[in-house]
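So the chains spell out like this:
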Amino acid sequence: MKRIVIALLLLGAAAGGWYAWNELSAKGDAAPAFHGNVDIREVRLGFRVGGRVAQVLKEEGDPAAAGEVVARLDAQPYENAVNQAGALVGQLAARLEELENGSRPEEIDRARKNLAEADAALRNARLVFERQRRLVDDGAVARQDFDTASAAFQSAQARHGAARAALDLLEAGARSEQIAQAGAALEAARAALAQARIQLADTALAAPEAGVVLTRAVEPGSMVQAGSTALTVSLAEPVRVRAYAPEPLLGLVQPGRQVLIFTDSRREPYHGQIGDVSPRAEFTPKSVETEELRTALVYRFRAVVRDADRLLRQGMPVTVRLAE
């Protein structure tokens, strides 16, 4: 009986040793596993201008195509600003054209006639003044009459000079400094118009890439400031996996190497390619389930998934194995 028991014990020990050796051999031959998560890539969308929210076109969970408008502000104040800036541009453009073209022929002709009238008045005042001066020397007229004639002559000279200056100014046209000043004012107005048009376009909020709306932070009628988050969109492509490799296995993780990505929700693995490896070691994040101690230093690497589908959700845990 004792011999039978001893034989059974030896047989059990042999079977257990064989099983342990087989398991260890299988584990040694299997590709190393790296643990991580599907990388979360999201965009917080906000208006570049402030105002009252007019429309929110997406609910949480709705898909959004690249360039699709997801929300709008009340655009009326910005439309008014565009109209006002456009009117100012037209006004300053007309002013610049007026300065460049110079005076109209009718204005120059009128200035010439005014000069001729002033010239005639000056000749008449000069004759009266000369006559009164001779007579006052002879005592034939009173001194007061001579003073009146002298004042009239001086006044006629002044009016003649003013008429001559007005004609010269019209014939010369605007100065180059005036034209340059008007041109600069026009360029400033055009820049203000372009800025007003940009702000009007910014009242429509569009998704930069295709994705899914995660959060909706505003509702129609809300007043928002420029830059505040209105919606958060999770980007759909490209899908990346963030995993961590311990230092002894770092030589196996190289950019360009093909990998298999396993999840708990699908039997078949996804296929991907390692994109980059971090040059700096770090502690394993608590969100990553690994078989090693959490205090072990690891190196982060990312892999791009080539055949991602809707089952591969952002943030879900994954296991990455090197493809043969």
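Cut-off values and rules
Residues numbered from 1 in each chain as written. Predicted model: local features only at pLDDT ≥ 70, side-chain atom pairs only at ≥ 80, totals over all residues. Heavy atoms only, no water. Helix = DSSP H or I, 4+ residues; strand = E, 2+ residues; numbered from the N terminus. Expected span 1.5 Å × (residues − 1). Buried < 20%, exposed > 50% of the residue type's maximum accessible area, 1.4 Å probe, protein only. pLDDT = per-residue confidence, 0-100. Contact = heavy atoms within 4.5 Å. 1 Å grid on protein atoms, 1.4 Å probe; cavity = no way out; pocket = protein on both sides within 12 Å on 5 of 7 lines; lining within 4 Å. Points joined across faces, edges and corners; volume = space filled by probe spheres on them. Pairing = 2+ DSSP bridges.

A short note on helix 5 (residues 176-201)
Stage number 1. If you check helix 5, its first and last C-alpha atoms are 38 Å apart, about what 26 residues at 1.5 Å a residue would give, namely 38 Å.
Stage number 2. Those residues of helix 5 that fall on the buried side of the exposure criterion are Ala182, Gly183, Leu186, Ala189, Leu193 and Ala196.

A few points about the confidence of the model for the protein
Stage number 1. Mean pLDDT over the protein stands at 81; residues scoring 70 or higher make up 79%.
Stage number 2. Least confident of the elements in the protein is helix 1 (residues 2-29), whose mean pLDDT is 44; most confident is strand 5 (residues 69-73), at 97.
Stage number 3. For residues 5-29, every residue scores under 50 in pLDDT, and the model assigns this stretch 0 contacts once sequence neighbours within four places are set aside.

Notes on the layout of surface pockets
Stage number 1. Taken as a whole, the largest pocket spans an internal volume of roughly 540 Å³.
Stage number 2. Lining the largest pocket are 19 residues, with Val212, Ala236, Asp309, Arg310 and Leu312 positioned closest to its centre.
Stage number 3. Within the residue set of the lining of the largest pocket, elements represented by two or more residues are strand 4 (63-64), strand 7 (211-216) and strand 9 (229-235).
Stage number 4. Broken down by element, the lining of the largest pocket gets its largest block of residues, 3 residues, from strand 7.

Brief notes about the sheet that holds strand 4
Stage number 1. Pairing is antiparallel across the open sheet formed by 4 strands, whose spatial order is 2-9-7-4. Lying at the two open borders of the sheet, with one neighbouring strand each, are strand 2 (42-46) and strand 4.
Stage number 2. Summarising the sheet, strand 4 and strand 7 pair through 2 bridges and their orientation is antiparallel. Across the sheet, Pro63 pairs through a bridge with Val212, a residue of strand 7.

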